[in-house]
Amino acid sequence: MNTGRRVALLVLLGSIVVVPVARAQVKHIEMRVEGMT
Amino acid sequence: MKQHLGRQAGVQTVEVSLLDGKVDVIPKEDGQIDPAQLLKATHDSGVTAAEMDITARGKIVKDSSGSLALQVEPNRSFAFAPNELSKGLESLAGTQTVVTVRGQLYKKPAGKKKADLSAPLKLLILEVQKKE
């Protein structure tokens, strides 16, 4: 495999790994409620 | 209530603790969860939400009125209730920095029996956990 292809593959793999980690999202919600039986 | 909340869009799991009146909601990663809708669903199930805290990750943006907000989805952001912690994030507005914060999105007004769920939710930052 030539160097160009290796670099392209590394960038592709890196983006697959990095993007989900940096994804914006609501991670957790905690509520305190009253009147629950 | 657990089933009612579990049916809301974007909800993965709901854990209810009867002992201390705590409800933990783990959202799916599809970004569909709407805290305002959860509050309404809680109210509709016959219980009163006293407080709602969220942990969210997103970018700091300035909305049309110039106030700071945390953008968690392209079409969803939470305006900050100004405090020292939100002021500390002002320099990150418009940058690519992703921050993780924990904050209070809703608190039932003291002395009121009936909650006002129509008011826009503001995020009072309690903790800045991470800047990436």
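Residues numbered from 1 in each chain as written. Chains lettered and ligands numbered in written order. Predicted model: local features only at pLDDT ≥ 70, side-chain atom pairs only at ≥ 80, totals over all residues.

A.B. asks: Mind showing me how you'd approach the overall build of chain B here?
C.D. replies: Helices and strands together make up the secondary structure of chain B, namely three helices and seven strands. Listing every helix and strand of chain B by position from the N terminus yields α-β-β-α-β-β-β-α-β-β. Computed over the C-alpha atoms, the radius of gyration of chain B is 15 Å, within 12% of the 14 Å expected from 2.2 N^0.38 for a compact globule of 132 residues. Seen through its principal axes, chain B has C-alpha atoms that stretch 40 × 35 × 25 Å. Of the contacts formed within chain B by residues at least 6 apart in sequence, a portion of 54% connects residues at least 24 apart. (Helix = DSSP H or I, 4+ residues; strand = E, 2+ residues; numbered from the N terminus. Rg over C-alpha atoms; globule rule 2.2 N^0.38 Å. Contact = placed C-beta atoms within 7 Å.)

A.B. asks: So what exactly am I meant to see when it comes to the environment of B:Gly94 here?
C.D. replies: Residues and elements named next belong to chain B. Looking at the secondary structure, you find Gly 94 in the loop between helix H3 (84-88) and strand S6 (98-107). When the 10 C-beta atoms within 10 Å are taken as the criterion, Gly 94 is described as exposed. Taking the C-alpha atoms as reference points, Gly 94 and Ile 60, 34 residues apart in sequence, are found 6.3 Å from one another. Those residues in contact with Gly 94, other than ones at most four positions away along the chain, are Val 61 and Lys 62. (Buried ≥ 20, exposed ≤ 12 C-beta atoms within 10 Å, placed from the backbone.)

A.B. asks: I would appreciate a short explanation of the pairing of strand S2 (residues 22-27) of chain B in the present structure.
C.D. replies: Here is the key point about a regular strand: its side chains alternate between the two faces of the sheet. Side-chain alternation along S2(B) places B:Val23, B:Val25 and B:Pro27 on a buried face and B:Lys22, B:Asp24 and B:Ile26 on a face that remains uncovered. As judged from the four bridges shared by strand S1 (residues 25-34) of chain A and S2(B), these two strands associate in the antiparallel manner. The residue of S2(B) that forms the bridge with A:Met31 is B:Val23. Where strand S1 (residues 11-17) of chain B lies against S2(B), six bridges are found, and the strand directions are antiparallel. Along S2(B), the bridge assignment pairs B:Val11 with B:Pro27. Counting the residues between successive antiparallel strands, the hairpin from S1(B) to S2(B) contains four residues, one of them, B:Gly21, with a positive phi of roughly 65°. (Pairing = 2+ DSSP bridges.)

A.B. asks: For this particular structure, what's the right way to read the pairing of strand S4 (residues 68-73) of chain B?
C.D. replies: All names here are of chain B. Note: strand S3 (residues 48-62) against S4, four bridges, orientation antiparallel. Paired with Val 61 across the strands is Ala 69, a residue of S4. The hairpin formed by S3 and S4 contains five residues between the paired strands, and Gly 66 there has a positive phi angle of roughly 90°. Across four bridges, S4 lies against strand S5 (residues 76-79) in antiparallel orientation.

A.B. asks: How should the domain arrangement of chain B be read in this particular structure?
C.D. replies: Residues and elements named next belong to chain B. By the assigned domains, chain B splits into domain 1 (1-49) and domain 2 (53-132). Here domain 1 and domain 2 have C-alpha centroids that lie 19 Å from each other. Each partner contributes to the interface: domain 1 provides eight residues, whereas domain 2 provides eight residues. Residue assignment for the side of domain 1 that touches domain 2 shows that the elements contributing at least two residues are helix H2 (35-44) and S3. The element that contributes the greatest number of residues to the side of domain 1 that touches domain 2 is H2, accounting for five residues. Of the residues that constitute the side of domain 1 that touches domain 2, the class distribution is four nonpolar, three polar and one charged. (Domains from an automatic or database assignment. Nonpolar A, V, L, I, M, F, W, Y, C, P; charged D, E, K, R; others polar.)

A.B. asks: Even after reading the chapter, I still don't get the nonpolar core, so can you show me in this structure?
C.D. replies: General note: in soluble globular proteins, nonpolar side chains tend to be found buried as a group. Core analysis: the largest hydrophobic core is formed by 29 residues, its most contacted members being A:Ile29, B:Val25, B:Met52 and B:Leu70. Of all the secondary-structure elements, those providing two or more residues to this core are S1 of chain A together with S1, S2, S3, S4 and S6 of chain B. Here this core gets five residues from one element, more than from any other, and that element is S3(B). Per-domain counts for this core show at least three residues from each of domain 1 (1-49) and domain 2 (53-132) of chain B. Not counting the four nearest positions on each side in its chain, B:Met52 is found in contact with A:Ile29, A:Met31, B:Pro35, B:Leu39, B:Leu105 and B:Tyr106. (Core = buried A, V, L, I, M, F, W, Y, C linked by C-beta atoms within 7 Å.)

A.B. asks: Please explain the confidence of the model for chain B as it appears in this structure.
C.D. replies: Should the pLDDT be low somewhere, the predicted coordinates at that spot are not to be read in detail. Residues and elements named next belong to chain B. Within chain B, residue pLDDT values average 88, and 96% of them lie at 70 or more. Within chain B, no element has a lower average pLDDT than helix H1 (residues 2-6), which sits at 82, and none a higher one than S6, at 95. Taken together, the chains of this predicted complex give a pTM of 0.77 and an interface ipTM of 0.86. (pLDDT = per-residue confidence, 0-100.)

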